[in-house]
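# Descriptive structure summary
Below, each chain spelled out in residue letters.
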Amino acid sequence: MSNILFNHVYKTYGKEKKPVVQDFNLSVDNKEFIVFVGPSGCGKSTTLRMIAGLEDISEGEIFINDRKVNDLPPKNRDIAMVFQNYALYPNMSIYENIAFGLRLRKMPKSDIDLAVKRAARVLEIENYLNRKPRQLSGGQRQRVALGRAIVREPQVFLMDEPLSNLDAKLRVQMRTEIIRLQKQLGVTTIYVTHDQTEAMTMGDRIVVMNDGVIQQVDTPERIYNNPVNRFVASFVGSPPMNFIDGSMLTENGKLYFQTRRFALEVPEGKAKGLIAEGYSNKSIVLGIRPENVSVDPIMFEMYPGAVIQGVYKLDELMGADRYLYVDIGTKQDLVVRVNPRNFFQPDEKIRFAVDMNSALFFDAKTSLSVGGS
Ligand code: ADP
Ligand code: MG
């Protein structure tokens with residue numbers, strides 16, 4: 001059952017011609033956890049606010065449980081929203097903060113008490129109910145904000161960068177808590193973030209947006225392994241995917257990706273797709289993730305046609321990984337993720353193999369993924 005449906009939704013502010021949200025189409029399943037991700041200003045919050053009724057819908061329709069909500073006031077949409085700045089009432093106790101929305105609805109006191117205590121137990125803030133917000137840490141305050149949303153038992157949770165104000169460690173911890181909570185409560189949730197790691201770790205599905213336009217709607221695995229275009233490919237993954245400009249060349253029945261400095265043999269399966277799409281002698285962009293390049297000699301044997309040489313420039317030791325920056329004669333140094341045991345001297349020549357089965361190809365003009373990759 002579709003819980004939230006967007007049908008050709010647009011948002012235009014004032015007299016501006018260019019919409020900040022354009023032709024947004026999406027069907028969110030019941031109980032699904034959907035993440036909207038994209039760079040700052042791409043229209044994530046605007047889209048969320050249109051669902052909540054905090055912004056008018058310029059064009060198109062939004063349905064919640066098959067009911068068109070375009071003209072429905074926010075309070076009748078049965079939605080609870082959690083923001084980045086949790087906006088608690090400073091003079092009220094935690095208990096009163098959580099109970100506030102229910103009081104407004106004139107729920108009986110004993111029911112309110114049950115709801116607040118149940119939410120506090122789920123969120124492990126039972127011991128703080130008598131405190132004031134300033135007596136809590138940032139993480140605890142964010143939990144109170146979640147508690148306020150939970151007790152309303154809404155049809156839909158909308159969360160707009162709820163973890164952005166927390167420090168890194170707490171952010172990671174709250175990620176798992178929010179997922180656990182959402183699964184436990186089974187409430188359809190739309191979660192907005194600009195952080196690709198949050199999107200990848202939290203979403204059942206991810207909606208990648210850029211410049212007001214949906215780029216791809218898919219599972220985290222497919223977003224990572226099968227991005228539809230160069231924008232999506234570069235937006236997820238850290239360090240980001242390497243892109244190398246080059247062209248395709250057929251020789252002795254084999255297909256090669258070549259630059260002025262080197263050639264990489266394209267595996268048969270991928271080659272077929274690329275040839276069928278007419279890329280045999282065309283310029284193209286190769287995309288390869290840092291973890292799909294290897295300095296391990298075993299890989300040289302696996303990909304004898306894809307071993308190239310470069311000059312080591314510098315590295316970043318990340319603890320479990322080392323990122324090498326290697327000059328391969330292209331515009332940008334190639335970033336290679338290796339085991340930290342591997343150690344090189346500046347300007348040392350190093351050889352590495354490219355896992356061409358994991359390579360992606362993009363049209364040089366349209367930036368769309370090509371060759372069935
Ligand atoms: P995101 O949440 O992805 O960072 P927003 O949805 O907040 O992006 O904003 C999308 C675009 O809409 C931005 O370019 C922003 O400047 C513009 N915008 C947001 N609110 C208004 C407004 N009230 N009037 C005009 N432009 C706005
Ligand atoms: Mg925003």
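See the structure shown above.
What this report covers is the structure whose coordinates are included nearby. (Residues numbered from 1 in each chain as written. Chains lettered and ligands numbered in written order. Predicted model: local features only at pLDDT ≥ 70, side-chain atom pairs only at ≥ 80, totals over all residues. Heavy atoms only, no water.)

With that settled, the discussion passes to helix H9 (residues 268-276). Within the sequence span of H9, burial applies to Lys270, Ala271 and Leu274. An end-on view of H9 places all buried positions within 100° of arc, on one side of the element. Pointing more than 90 degrees away from the buried face of H9 are the exposed residues Glu268, Gly269, Lys272 and Ala276. Looking at the buried side of H9, the elements it contacts are strand S11 (242-251), strand S12 (254-258), strand S14 (283-288), strand S20 (360-363) and strand S21 (369-370). Phi for glycine 278, located one or two positions after H9, is positive at around 85°. (Buried < 20%, exposed > 50% of the residue type's maximum accessible area, 1.4 Å probe, protein only. Helix = DSSP H or I, 4+ residues; strand = E, 2+ residues; numbered from the N terminus. Arc of directions from axis to C-beta. Contact = heavy atoms within 4.5 Å.)

This brings us to the site of ligand 1. Surrounding ligand 1, one finds Tyr13, Val20, Pro39, Ser40, Gly41, Cys42, Gly43, Lys44, Ser45 and Thr46. Cysteine 42 places a main-chain nitrogen or oxygen 3.2 Å from an oxygen atom of ligand 1. A distance of 2.8 Å is found between an oxygen atom of ligand 1 and a side-chain nitrogen or oxygen belonging to serine 45. With the chains in place, 58% of the 570 Å² that ligand 1 exposes on its own is no longer accessible. (Near = heavy atom within 4 Å. Polar contact = N/O pair within 3.5 Å; in protein donor to acceptor, adjacent residues only side chain to side chain. Areas by Shrake-Rupley, 256 points an atom, 1.4 Å probe, with all protein chains shown as cover.)

Core analysis: the largest hydrophobic core is formed by 47 residues, its most contacted members being Ile98, Ile178 and Tyr191. In terms of residue count, helix H3 (residues 109-123) provides more of this core than any other element does, 7 residues in total. Those residues within four positions of isoleucine 178 in sequence are excluded, and the remaining contacts are Phe33, Leu146, Met159, Pro162, Leu163, Tyr191 and Met202. In terms of nonpolar packing, the next biggest core, distinct from the first, is built from 36 residues, Val266, Phe300, Ile328 and Phe361 among them. (Core = buried A, V, L, I, M, F, W, Y, C linked by side-chain atoms within 4.5 Å.)

Within the structure shown, the criterion is met by 8 aromatic pairs. Ring geometry for phenylalanine 33 against tyrosine 191: centres 5.7 Å apart, planes inclined by 35°, an arrangement best described as tilted. Highlighted residues: phenylalanine 33 in strand S3 (residues 33-37) and tyrosine 191 in strand S8 (residues 188-193), separated in sequence by 158 residues. For the pair formed by phenylalanine 33 and tyrosine 191, the shared burial category is buried. A centroid spacing of 5.8 Å and a plane angle of 35° characterise the contact between tyrosine 312 and phenylalanine 344, whose relative ring orientation is tilted. Separated by 32 residues along the polypeptide, tyrosine 312 in strand S16 (residues 307-317) and phenylalanine 344 in the loop between strand S18 (334-338) and strand S19 (349-354) bring together distant segments of the chain. Across the pair, exposure class does not vary: tyrosine 312 and phenylalanine 344 are buried alike. Each residue in the set Phe6, Phe24 and Phe36 is aromatic and connected to the rest through ring pairs, giving one cluster. A cation over a ring is seen here: arginine 230 above phenylalanine 243, with NZ or CZ 4.4 Å from the ring centre. If you follow lysine 282 out to its NZ or CZ, it ends over the ring of tyrosine 279, 4.7 Å from the centre. (Phe/Tyr/Trp six-rings, centres within 6.5 Å; stacked < 30°, edge-to-face > 60°. Lys NZ or Arg CZ within 6 Å of the ring centre and 35° of its normal.)

Now for helix H2 (residues 94-104). Buried residues of H2: Ile94, Tyr95, Asn97, Ile98, Ala99 and Leu102, and no others. Residues of H2 that are buried sit in contact with H3 and helix H4 (138-150). Lysine 106 lies just past H2 and shows a positive phi near 60°.

Taken as a whole, the largest pocket spans an internal volume of roughly 670 Å³. Lining the largest pocket are 22 residues, with Ile79, Ala80, Met81, Gly101 and Arg152 sitting closest to its centre. Broken down by secondary-structure element, the contributors of at least two residues to the lining of the largest pocket are strand S6 (79-82), H2 and H4. Broken down by element, the lining of the largest pocket gets its largest block of residues, 4 residues, from S6. In the lining of the largest pocket, the residues fall into 15 nonpolar, 2 polar and 5 charged. What the second largest pocket holds in volume is close to 480 Å³. Taken together, 19 residues make up the lining of the second largest pocket; nearest its centre are Phe243, Ile244, Thr330, Lys331 and Gln332. Among the elements of the structure, S11 and S18 are those that each provide at least two residues to the lining of the second largest pocket. A total of 4 residues in the lining of the second largest pocket trace back to one element, the largest contributor, which is S11. For the lining of the second largest pocket, the class distribution of residues is 8 nonpolar, 5 polar and 6 charged. (1 Å grid on protein atoms, 1.4 Å probe; cavity = no way out; pocket = protein on both sides within 12 Å on 5 of 7 lines; lining within 4 Å. Points joined across faces, edges and corners; volume = space filled by probe spheres on them. Nonpolar A, V, L, I, M, F, W, Y, C, P; charged D, E, K, R; others polar.)

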